[in-house]
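# Observations on the model geometry
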Amino acid sequence: MTVSDLQARTSELTGVIERASSTQELEEFKLAHLVRKGSIAALFEDLKNVPKDTKPAVGKALNELRKAVEEKFAEKEQSLGGGVKKASQSSIDLTLPSRPIPVSAPGHEHPLISVLNEMVSIFVDMGFSVAYGPEVEDDEHNFTKLNFPADHPARDMQDTFFVKPSADWKVGSDVKPLVLRTHTSPVQVRLMESGKLPIRAVIPGRVYRNEAISARSAACFFQLEGLVVDKGVSMADLKGVAESFSKQFYGEDSTIRLRPSFFPFTEPSIECDVSCYICKGKGCRICKHSGWLEVFGAGMVHPNVLKMCGIDPEIYSGYAFGMGIDRTAMMRYGVSDIRLFTENDLRFLEQF
Ligand code: DAH
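Definitions and limits used
- Residues numbered from 1 in each chain as written.
- Predicted model: local features only at pLDDT ≥ 70, side-chain atom pairs only at ≥ 80, totals over all residues.
- Heavy atoms only, no water.
- Salt bridge = Lys/Arg side-chain N within 4 Å of Asp/Glu carboxyl O.
- Helix = DSSP H or I, 4+ residues; strand = E, 2+ residues; numbered from the N terminus.
- Near = heavy atom within 4 Å.
- Polar contact = N/O pair within 3.5 Å; in protein donor to acceptor, adjacent residues only side chain to side chain.
- Areas by Shrake-Rupley, 256 points an atom, 1.4 Å probe, with all protein chains shown as cover.
- Nonpolar A, V, L, I, M, F, W, Y, C, P; charged D, E, K, R; others polar.
- Core = buried A, V, L, I, M, F, W, Y, C linked by side-chain atoms within 4.5 Å.
- Buried < 20%, exposed > 50% of the residue type's maximum accessible area, 1.4 Å probe, protein only.
- Contact = heavy atoms within 4.5 Å.
- Domains from an automatic or database assignment.

Here the focus is the pattern of salt bridges. Taken as a whole and assessed by the stated rule, the structure comprises 19 salt bridges. Among the ionic pairs, Asp273 bridges to Arg257, the shortest N-O distance being 2.9 Å. Separated by 16 residues along the polypeptide, Asp273 in strand 8 (residues 266-275) and Arg257 in strand 7 (residues 256-263) bring together distant segments of the chain. Each of Arg257, Arg259, Asp273 and Glu294 takes part in one network of salt bridges that share partners.

Below, the discussion takes up the site of the ligand. Residues in close proximity to the ligand total 15 residues, the closest being His183, Gln188, Arg209, Gln223 and Glu225. For the ligand, a nitrogen atom lies 3.0 Å from a polar atom in the side chain of His183. Take Gln188: an N or O atom from its side chain is 3.0 Å from an oxygen atom of the ligand. Computed on the free molecule, the ligand has an accessible area of 360 Å², of which 88% lies beneath the protein chains in the complex. Considered class by class, the residues forming the shell around the ligand number five nonpolar, eight polar and two charged.

A separate point is the nonpolar core. Within the largest apolar cluster, 46 residues are counted, with the highest numbers of intra-cluster contacts made by Phe123, Phe128, Leu224, Phe245, Tyr319, Phe321 and Met323. Of all the secondary structure elements, the ones that give two or more residues to this core are helix 6 (111-125), strand 6 (220-230), helix 9 (235-250), strand 8, strand 9 (292-301), strand 10 (317-324), helix 11 (326-333) and helix 12 (346-349). Considering every element that reaches this core, the biggest residue donor is helix 6, with seven residues. Leaving out residues up to four positions away in the same chain, Leu224 has contacts with Leu116, Met119, Val120, Phe123, Thr184, Val202, Ile203, Pro204, Phe321, Gly322, Met323 and Ile325. In this structure, Ile199, Ala201, Phe265 and Leu306 belong to the second largest nonpolar core, which totals 22 residues.

Before going further, it helps to spend a moment on helix 11. Residues of helix 11 that are buried include every one of Asp326, Thr328, Ala329, Met330 and Met331, and no others. On its buried side, helix 11 packs onto helix 6, strand 6, helix 9, strand 9 and strand 10. A positive phi of about 65° marks Gly334, the residue just after helix 11.

With that out of the way, let us pick up the domain arrangement of the chain. Each assigned domain of the chain is listed here: domain 1 (3-89) and domain 2 (111-349). The C-alpha centroid of domain 2 is placed 83 Å from the C-alpha centroid of domain 1.

Note the cis peptide between Leu197 and Pro198, where omega equals -5°. You can see Pro198 is positioned in the loop between helix 8 (186-193) and strand 5 (199-208). Here the amide bond leading from Glu267 into Pro268 is cis, since omega sits at -5°, within 30 degrees of zero. The residue Pro268 is located in strand 8 in this model. Phi at His289 is positive, roughly 65°, even though this residue is not glycine. For His289, the location among the structural elements is in the loop between strand 8 and strand 9. The backbone of Asn344 sits at a positive phi, close to 60°, despite the residue not being glycine. On the secondary structure map, Asn344 appears in the loop between helix 11 and helix 12.

Below, the structure is given as structure tokens:
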């Protein structure tokens, strides 16, 4: 094997490539010459038989042969269309069908809304209607007509977000500032003021409090309020509804207990607990080892509230209740940080 042999072989092989007229022929060439057991590899194998003095020059010529053949081959592959396949892989093929968009991403229910809807539907099945009210409220509905005294701490700047009623409004003006409602109870007032009796409604919605944000408390969260006003409504009705709700939402084997409490707009006021559905009342981390979970505040609508809303407390009576949704959802889904609900992280949301 000499340098001139190799040069001749180079033109021979490139000539064969040049003349190839189909990808089939090219493929055959590749199998004969370019693969590991092909003719070019055999020439490299032969190199060891070349005399030492000519070996460097022959080795160089052999490398040149391989390079020339490979280049020619690649060039021909392109021109015969084999290369077209490669080119299309790296560019956009407009004939391909589009990638499917996962159905779960756009249209699925937020865990807070799932819990809220489930609660609402339990009450609807018990004959309640659903009512809504504004999130920006006036002082009268959020506090005054709910029998909050003028100096009640809930009215304080620390608890309430205030909203300027007009652009030129100033602190100290006669006009009271608006508020972001601190609870859904002002919608009770709106329902009673409307004058349509009897009332049997639940009110789902967002509420706002100027609280330090932490894993357990958010500045915006959901509540579900309930109001029943009719002739002859008593605490026994409230207890019955509370029990039925708890069995439907927390399980047939759950029990409730009522504790005395205080709210300005109810008298008497109670707190309703349900037996912990995780440990069945034995005591666990979720119920802080008490066996009970706090479910809602409630009570008989205060006669002052009825009067302020134009209802005669001598004829009508009512009960009301209000529960938080976020903590219930946290317990139900084992979510340890309330902020996850509103951070819009799809990795979190897609789990529900
Ligand atoms: N509004 C109360 C709160 O946000 C919850 C509440 C308690 C609502 C008792 C009621 C009620 O209707 O009767 O803490």
